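Overview (structure and organization)
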Amino acid sequence: MPLRLAVRDISFFERPVTFARPFRFGAVVINATPQAFVRVEVEVEGRGTATGASAEFLVPKWFDKRPHLAPEQTVEELRRSLLIARGIYLAHSGFETAFGLHAACIGAQIEACAREDIPPLAAAYGPAEIDKAILDALLRCTGASFFDGMADNIAGVDARLSRDLGDDDVSRFLAGRKRLERVAIRHTVGMDDKVEGEGGVADIRENAGARYFKLKVNGDPAHDADRLIRIGNELAMLSYDYRVTLDANEQYADLTALNALVEQLDRDVALQTIAQKLLYIEQPMPRDITRQSPLGALARRDFIVDEADDSYDAFPVARALGYRGISSKSCKGIYKSIINATRAARWSAAGEKCFIAGEDLTCQAGLAVQQDLALGALIGVTHAERNGHHYVDGFSDTPATEAEAFIAGHPDLYVRDGNKVRLAIHDGDLLTGSLTTPGFATATHPDWSAMSPLAQPTARIPLEKAV
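Residues numbered from 1 in each chain as written. Predicted model: local features only at pLDDT ≥ 70, side-chain atom pairs only at ≥ 80, totals over all residues. Heavy atoms only, no water.

Here we look at the pattern of salt bridges
Just so we agree on the cut-off: A pairing counts as a salt bridge when a side-chain nitrogen of Lys or Arg comes within 4 Å of a carboxyl oxygen of Asp or Glu. Helix and strand definitions follow DSSP, with helices as H or I runs of at least four residues and strands as E runs of at least two, each counted in order from the N terminus.
One pass over the full model with this rule turns up 56 salt bridges. With a shortest N-O distance of 2.9 Å, Asp-288 and Arg-291 are connected by a salt bridge. Residue Asp-288 and its partner Arg-291 are located together in helix H11 (residues 287-291), separated by three residues, close to a single helical turn. The partner of Glu-352 in a salt bridge is Arg-319, and the shortest N-O contact between them spans 2.7 Å. Of the two residues, Glu-352 is situated in the loop between helix H13 (334-349) and strand S11 (355-358) and Arg-319 in helix H12 (residues 314-320); the sequence distance between them amounts to 33 residues.

In structure tokens, the structure reads:
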């Protein structure tokens, strides 16, 4: 049964994270980026007070890829998104369900960010992180796990933001969910990652025994085809079966370029190794071009949207264009993922192939990876992209005492490797058993004293006022 709460305080922190290797996707290369942390204090009606937490990287040039912006400017957008959302959430002083509070704030958030020329995807980042921390606090206050709490719809998720659904659709979907005990990792092969030989895509020390691979492509059909042939030759040497997905991160300029790639996948014998294992192609074209470009005959392949998922209407719009799926990322909003998973289940039950995929914007070990993993295990994501174990060295710059607290609370999720604590991958899978602790998938909170306050960005000047 939904409970009502009031948010009493919201605090932001951040910590630098240095990558173990460059991560190149789309037009950006990341070697380091801050991780943002959110701490909230809530009062649950009739139950008392509790503290909740969440975390997520402040990733440059993903939420907003506009070329005139420097990477740091797009990180500043995310900090502004958090701060704007804090003001809007704290302005609601009365008791409301967790989802009701989100629904009451998201429209004002999008509008306030638009006045600073912050696009909807970046605007949603602030509420996404605050919502996770609020849910953590709510669950802790009641002693419920994420999975039990959401099965009872403790957050009060309904269809008010999704006009194509009814409230009963959402409640039935949540009531029928059973936690996936294992979620397979999908190992990312970035554009700068080594392909052949030692340290390459087929090296078990590099891919952690993954049975799923996410292959980045750069928008040049000829270049991408050549690289996919090389990757296919390496993966063919694996002693077990595997599947792949392709992710263009908006790099294919239009349908003509995309058709050139798909034609090669369909006809080039050298690409059959990859083509036969391909599950779907993710966000091939820029988000604006996507909305104007029905896939037509290209829909013979399965496509999903990711960066184009910037509103509660994005999945129905994409479906009408020929897309079969959409990504779940907790940095885009846990409630939107639940709504989209409800849609996919409803449409599929009517005989149409629709699905929700698990993608990861480098969730770091600890809060971020645990909450995103739990979300996927709730909504039925059987394999999910995981980047943190690959591009970051364990808990990286996290204090050792904090890493020790996480391995103590989640011994099935982490393993000790010398003086490092790392994500524990079991035959290519992550285990979810310890995520059933009270709260949002975490038995412990980070060491707040070991972080800096969120860096204070300056408000952006709207473009029309800057000229």
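Re the packing of aromatic side chains
Filter applied, for reference: For Phe, Tyr and Trp, where Trp contributes only its six-membered ring, two rings pair if their centres lie within 6.5 Å, and the inter-plane angle classes them as stacked under 30 degrees, edge-to-face over 60, or tilted in between. Each residue's exposure class comes from its accessible area (1.4 Å probe, protein chains only) as a fraction of the maximum for that residue type: buried when under 20%, exposed when over 50%, partly exposed otherwise. By definition here, charges over rings are those cases where NZ of Lys or CZ of Arg is within 6 Å of the ring centre and within 35 degrees of the ring normal.
Here the structure, examined in full by the defined rule, presents 15 aromatic pairs. Taking 5.8 Å as the distance between ring centres and 35° as the angle between the ring planes, the aromatic pair formed by Phe-19 and Phe-57 counts as tilted. Highlighted residues: Phe-19 in strand S1 (residues 4-25) and Phe-57 in strand S3 (residues 48-57), separated in sequence by 38 residues. Taken as a pair, Phe-19 and Phe-57 share a single burial class, namely buried. Ring geometry for Phe-63 versus Tyr-125: centroids 5.4 Å apart, planes at 80°, classification edge-to-face. Linking Phe-63 in the loop between S3 and helix H1 (71-90) with Tyr-125 in helix H4 (residues 125-142), this pair joins segments that are 62 residues apart in sequence. For Tyr-125, a relative accessible area of 0% translates into the label buried. Counting every residue linked through ring pairs, the aromatic cluster contains Phe-23, Phe-25 and Tyr-391. Between the NZ or CZ atom of Arg-39 and the centre of the ring of Trp-448, over which it lies, the distance is 5.2 Å.

Description of the packing of helix H2 (residues 98-114) against H4
Note the cut-off: Fitted lines through C-alpha atoms give the axes, limited to the stretch in contact for helices. The angle between two N-to-C directions lies from 0 to 180 degrees. Note that the term roughly parallel is reserved for angles under 35 degrees, roughly antiparallel for angles over 145, roughly perpendicular for angles of 65 to 115, and oblique for everything else. Left-handed describes a crossing whose near helix is turned anticlockwise from the far helix by less than a right angle; the clockwise case is right-handed. Note on contacts: a residue pair qualifies if any of its non-hydrogen atoms lie within 4.5 Å across the two residues.
Remark: H2 packs on H4, axes separated minimally by 11 Å, with the N-to-C direction vectors making an angle of 165°. Between H2 and H4, the angle is such that the two are roughly antiparallel. Note on packing geometry: the crossing formed by H2 with H4 is right-handed. Contacts between H2 and H4 involve Ala-98, Leu-101, His-102, Ile-106 and Gln-109 on the former and, on the latter, Pro-127, Asp-131, Ile-134 and Leu-138.

Brief notes about the environment of Asp-288
Formally: Residues adjacent in sequence count toward polar contacts only when both atoms are side-chain atoms; beyond that, a polar contact is any pair of N or O atoms within 3.5 Å, and within protein one must be able to donate a hydrogen and the other to accept it.
Here Asp-288 falls in the partly exposed class, since its relative accessible area comes to 48%. One polar contact links Asp-288 to Arg-291, side chain to side chain, over a distance of 2.9 Å.

Thoughts on the state of the cysteines
Under the convention used in this document: By convention in this document, the label disulfide applies to cysteine sulfur atom pairs within 2.5 Å.
Going through the model one piece at a time under the given rule, you end up with zero disulfides. In this structure Cys-141 is not part of a disulfide, and its nearest cysteine sulfur, from Cys-105, lies 20 Å away.

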